[in-house]
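Spelled out, the chains give:
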Amino acid sequence: MEHFSMVLIVLSAFLYGATMKIADLLNEHGLRLFKGSNILFGVLWGVFGALLIVDTNPLVGSVVVAMNIAFIIRNRLDYLNHQIAASIIIIIGIAFQQIVVVPFLAFFFIFLIFGSMKDYANDVFHLKSFWAILNESMLYYPIPTFIYALLFGNWLLFTIFTIYMLSYNIIKIIAYKKGYR
């Protein structure tokens, strides 16, 4: 049973990142699937984020909620499907998981600061160098969770955020190759 649970968590992390990027492509990059697909992918993004919260532990739930609240302050929830996803995640996090205050605040500020730096570099400078590619890869998710895992031994948090970041970037690369910029 524990093996099945871990498979579900890994799959949820992968689909969380993939549906997040597809939702973004449907609004901002010209991807067209079918009528209502943007809302569907917003709901799926929210559901997979919610599954990460309810299927794991208070630490993971706290960090996923922190990530989504940081999106609000970074003004990254600029379309209805983004707002639906974050609302599902935040509501489920508050209703079904105990928020662990110190990790929540630490990761919230890490995601807010480094995410805002990425946003600023992208939105203002439109960089196209190696540093822009490195910046765009969102390493501010796996690196702090790796450090946390080294310090406190919670490798699940690192695993989830690394899989999320990889799946998001895989979809981004596929979309870029198909002409969605």
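Described in the following lines is the structure provided in the data block. The model shown is predicted, which means the values in this text are computed figures rather than measured ones.

Notes on the environment of valine 100
Looking at the element boundaries, valine 100 is found in the loop between helix H4 (80-96) and helix H5 (101-125). As for valine 100 and proline 58, which are separated by 42 residues in sequence, their C-alpha atoms are 6.4 Å apart. For valine 100, the residues in contact, after removing those within four places along its chain, are Pro58, Leu59 and Ser62.

Thoughts on H4
Over its 17 residues, H4 extends 24 Å from the first C-alpha to the last, a length consistent with the 24 Å expected when each residue adds 1.5 Å. Contact partners of the buried residues in H4: helix H1 (2-28), helix H2 (37-54) and helix H3 (58-73).

A word on the packing of H1 against H2
The contact between H1 and H2 brings their axes to 8 Å, and the two run at 155 degrees. The pairing of H1 with H2 is recorded here as roughly antiparallel in orientation. Relative to H2, H1 is oriented so that their crossing is left-handed. For the pair H1 and H2, contact is made by Ile9, Ser12, Ala13, Leu15, Tyr16, Thr19, Met20, Ile22, Ala23, Leu26 and Asn27 and by Ser37, Asn38, Phe41, Gly42, Leu44, Trp45, Phe48, Gly49, Leu51 and Leu52, respectively. For the contact of H1 with H2, the class distribution of residues is 14 nonpolar, 7 polar and no charged.

Analysis parameters
- Residues numbered from 1 in each chain as written.
- Predicted model: local features only at pLDDT ≥ 70, side-chain atom pairs only at ≥ 80, totals over all residues.
- Heavy atoms only, no water.
- Helix = DSSP H or I, 4+ residues; strand = E, 2+ residues; numbered from the N terminus.
- Contact = heavy atoms within 4.5 Å.
- Expected span 1.5 Å × (residues − 1).
- Axes fitted to C-alpha atoms, helices over the stretch in contact; angles between N-to-C directions.
- Parallel < 35°, antiparallel > 145°, perpendicular 65-115°, else oblique.
- Left-handed = near helix turned anticlockwise from the far one by under 90°.
- Nonpolar A, V, L, I, M, F, W, Y, C, P; charged D, E, K, R; others polar.

These values are about where atoms sit, not about what they do.
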